[in-house]
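Architecture and fold: a report
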Amino acid sequence: MWGRAMRHLVGLLLSFVIAAMACVTSAHGETTQEVVNKAPNGLALTPPMGWNSWNKFACNVNEKVVRDTANAMVASGMRDAGYQYVVVDDCWAGPRDSNGFITADPQRFPSGIKALADYVHSRGLKFGIYSDAGRLTCGGRPGSQGHEYQDALTYARWGIDYLKYDWCSTGDRNAKEAYAVMADALRQSGREIVFSMCEWGTAKPWLWAKNAGNLWRSTGDIFDSFDKQDDAHKSWAHTVTEIVDLNEPLWSYAGPGHWNDPDMLEIGNGGMTPTEYRSHFSLWAMMAAPLIAGNDIAHMDETTRSILLNKEVIAVDQDPLGVQGHRVWKDGDSEVWVKPLSGGAKGVVLFNRGEAPATIRATAQQVGAPARARVRDLWAHKYIGRWTGSIQATVEPHGVAMFRIGP
Ligand code: GLA
């Protein structure tokens, strides 16, 4: 009797211990990545728009360039057209202090990052910054590895709204883990910070980063050329057409809060013709790409301004349905692209990669537009008639014709 009671008691105790252990395992068994993956951060419901210093200024960025750019974004109408984030890329950072806190480069940013963020905010814009998942950034400044939570807290205190997070000097770090740690750190910082992952597509982030990052680079760096690759760039940088071909097949992975990022815009940097820059802008909009200008906004010419400020093309990019468009037909250098838009409308691009003018036709089967719709030319800014079941245009070399077909 006594023996049975004892066994019962021991059994009971054991099951308590086992249950308690199971509890501990489930509470602590989740990896940081699993925690981050549970839910999106609620930001970037349409592709982020703004400016980034890298494509034009590289390491020659400084606080005056950033202030001048912010002012020019207001004066040029870019802010009001939706370009919101002013992002300082690599080379803003100085050394870490004796407690490991990151400081600004005292020559380039003598007033400090907080003052610059305050200035940008005072112009009705948001402010972004850059770091790296390794020990060093690609430009050789301190990276965030080992300082993730400390850096996220510093950024929050400075008033940072957007972090671009690069992938140099990461050794054998696991990308999923590294990006999850910083995603978690940003969420714990108490500030809403858009997380822009810059891992170049190496570990296929479109397969796993949906709730970790708001955007992820899908390729190596862009360079300012339509389709002329050269020896200086070929190991790490891509022409516009190369990037298009790498990013296009990933269309099904994009959506509100999580976008494929085919890299920043080169419009206005001088390496392409206005026609090619219009194609670059149109295709980025069709791919629901982040529209991050990369030129000298304070000194841009009217052609550049008119491309970056084509509000009808911007509206295709920013459409709330958040579906990345893709190529539905190709024959040699001629292509038809379609992007579903809200309200049953369609964005359509006829793209001619070739060296001679080409007549390109999109059919009802390819476009799937409703029977009763109007056709608007988004570069001519006019309605060109009713949808009759197909649309055709003669497109200049390296150019596009772009339409909205809908109510
Ligand atoms: C990498 C990134 C670029 C830029 C530079 C900065 O190459 O892909 O976009 O941030 O680093 O050093």
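Residues numbered from 1 in each chain as written. Predicted model: local features only at pLDDT ≥ 70, side-chain atom pairs only at ≥ 80, totals over all residues. Heavy atoms only, no water.

1. Notes on the pattern of salt bridges
The tally for this structure, following the rule as stated, stands at 23 salt bridges. Note that D80 is salt-bridged to R79, the shortest N-O span being 3.2 Å. Owing to a relative accessible area of 58%, D80 belongs among the exposed residues under this scheme. Relative accessible area serves as the criterion here: at 27%, R79 is assigned to the partly exposed category. (Salt bridge = Lys/Arg side-chain N within 4 Å of Asp/Glu carboxyl O. Buried < 20%, exposed > 50% of the residue type's maximum accessible area, 1.4 Å probe, protein only.)

2. Re empty space enclosed by the protein
With the rule as written, the count across this model stands at 2 cavities of 30 Å³ or more. Of the volumes computed, that of the largest cavity is approximately 80 Å³. Of all the secondary structure elements, the ones that give two or more residues to the lining of the largest cavity are strand 6 (162-166), strand 7 (194-197) and strand 8 (215-217). Class assignment of the residues belonging to the lining of the largest cavity gives a composition of 7 nonpolar, 2 polar and 4 charged. Considered as a void within the structure, the second largest cavity measures approximately 60 Å³ in volume. Those elements that place two or more of their residues in the lining of the second largest cavity are strand 3 (93-96), strand 5 (126-132) and helix 7 (148-158). By residue class, the composition of the lining of the second largest cavity is 7 nonpolar, 3 polar and 4 charged. (1 Å grid on protein atoms, 1.4 Å probe; cavity = no way out; pocket = protein on both sides within 12 Å on 5 of 7 lines; lining within 4 Å. Points joined across faces, edges and corners; volume = space filled by probe spheres on them. Helix = DSSP H or I, 4+ residues; strand = E, 2+ residues; numbered from the N terminus. Nonpolar A, V, L, I, M, F, W, Y, C, P; charged D, E, K, R; others polar.)

3. Concerning the state of the cysteines
Inspection of the entire model under this criterion finds 2 disulfides. With a sulfur-sulfur separation of 2.1 Å, C138 is cross-linked through a disulfide to C168. Here the S-S torsion is close to 100 degrees, and the disulfide linking C138 with C168 is therefore right-handed. Residue C138 is found in the loop between strand 5 and helix 7, and its partner C168 is found in the loop between strand 6 and helix 8 (175-188); the two are separated by 30 residues along the sequence. Taking only the cysteines that form disulfides and numbering them from first to last, the protein chain has the pattern 1-2, 3-4. Here C198 stays unpaired: no disulfide links it, and the sulfur of C138, its closest cysteine neighbor, is 6.8 Å away. Owing to a relative accessible area of 2%, C198 belongs among the buried residues under this scheme. (Disulfide = S-S within 2.5 Å.)

4. Thoughts on the sheet that holds strand 17 (residues 374-377)
Read across the sheet, 6 strands follow the order 13-14-15-20-17-18 without closing on themselves; strand pairing throughout is antiparallel. Only two strands of the sheet have a single partner each, and these edge strands are strand 13 (326-331) and strand 18 (382-386). When strand polarity is set aside, the average angle formed by the axes of neighbouring strands in this sheet is 25 degrees. Across 6 bridges, the pairing between strand 15 (residues 346-352) and strand 20 (residues 400-406) is antiparallel. Its bridge partner lying in strand 20, K346 is registered against I405. (Pairing = 2+ DSSP bridges. Axes fitted to C-alpha atoms, helices over the stretch in contact; angles between N-to-C directions.)

5. Looking at the site of the ligand
Around the ligand, the neighbouring residues are W54, D89, D90, Y130, C138, G139, K164, D166, C198, W200, R217 and D221. Contact distances for the ligand include 3.0 Å between an oxygen atom and a side-chain N or O atom of W200. Protein burial of the ligand: of its 310 Å² of free accessible surface, 93% is covered by the chains. The cavity where the ligand resides is the largest pocket. Taken together, the residues that form the shell around the ligand break down as 5 nonpolar, 1 polar and 6 charged. (Near = heavy atom within 4 Å. Polar contact = N/O pair within 3.5 Å; in protein donor to acceptor, adjacent residues only side chain to side chain. Areas by Shrake-Rupley, 256 points an atom, 1.4 Å probe, with all protein chains shown as cover. Sits in = over half its atoms within 2 Å of the grid points.)

6. Some points on the packing of helix 4 (residues 63-75) against helix 6 (residues 113-122)
Taken N-terminus to C-terminus, the directions of helix 4 and helix 6 make an angle of 10 degrees; their axes are 9 Å apart at the nearest point. Classified by the angle their axes make, helix 4 and helix 6 are roughly parallel. Residues E63, V66, R67, A70 and N71 of helix 4 pack against L116, Y119 and V120 of helix 6. Taken together, the residues of the contact of helix 4 with helix 6 break down into 5 nonpolar, 1 polar and 2 charged. (Parallel < 35°, antiparallel > 145°, perpendicular 65-115°, else oblique. Contact = heavy atoms within 4.5 Å.)

7. Regarding the packing of aromatic side chains
The full count for this structure, using the stated rule, is 9 aromatic pairs. Aromatic pair W51 and F57: ring centres 6.3 Å apart, planes at 65 degrees, arrangement edge-to-face. Assigned by exposure class, W51 and F57 land together as buried. Members of the aromatic cluster, connected to one another through ring pairs, are Y165, W167, Y179 and F195. We note R374 situated over the ring of Y383; from NZ or CZ to the ring centre the distance is 3.8 Å. Looking at R376, its charged tip hangs above the ring of Y383, at a distance of 4.7 Å from the centre. (Phe/Tyr/Trp six-rings, centres within 6.5 Å; stacked < 30°, edge-to-face > 60°. Lys NZ or Arg CZ within 6 Å of the ring centre and 35° of its normal.)

8. Things to note about the sheet that holds strand 2 (residues 85-87)
The strand order across the open sheet built from 8 strands is 11-8-7-6-5-2-1-12, with neighbouring strands paired in parallel fashion. Both edges of this open sheet fall to strand 11 (259-261) and strand 12 (291-293), since each of them pairs with a single strand only. Mean inter-strand twist for the sheet, computed between neighbouring axes without regard to direction, equals 25 degrees. Where strand 8 and strand 11 come together, 3 bridges link them in parallel fashion. If you follow R217 over to strand 11, its bridge partner there is D261.

9. Some thoughts on the environment of R353
Mapped onto the secondary structure, R353 falls in the loop between strand 15 and strand 16 (358-363). Classification of R353 as buried rests on a relative accessible area of 12%. For the pair R353 and R386, spaced 33 residues apart in sequence, the C-alpha separation works out to 27 Å. Excluding anything up to four places from it in sequence, R353 contacts F226, D227, T241, V244, D245, R327, K330, D333, E335 and H398.

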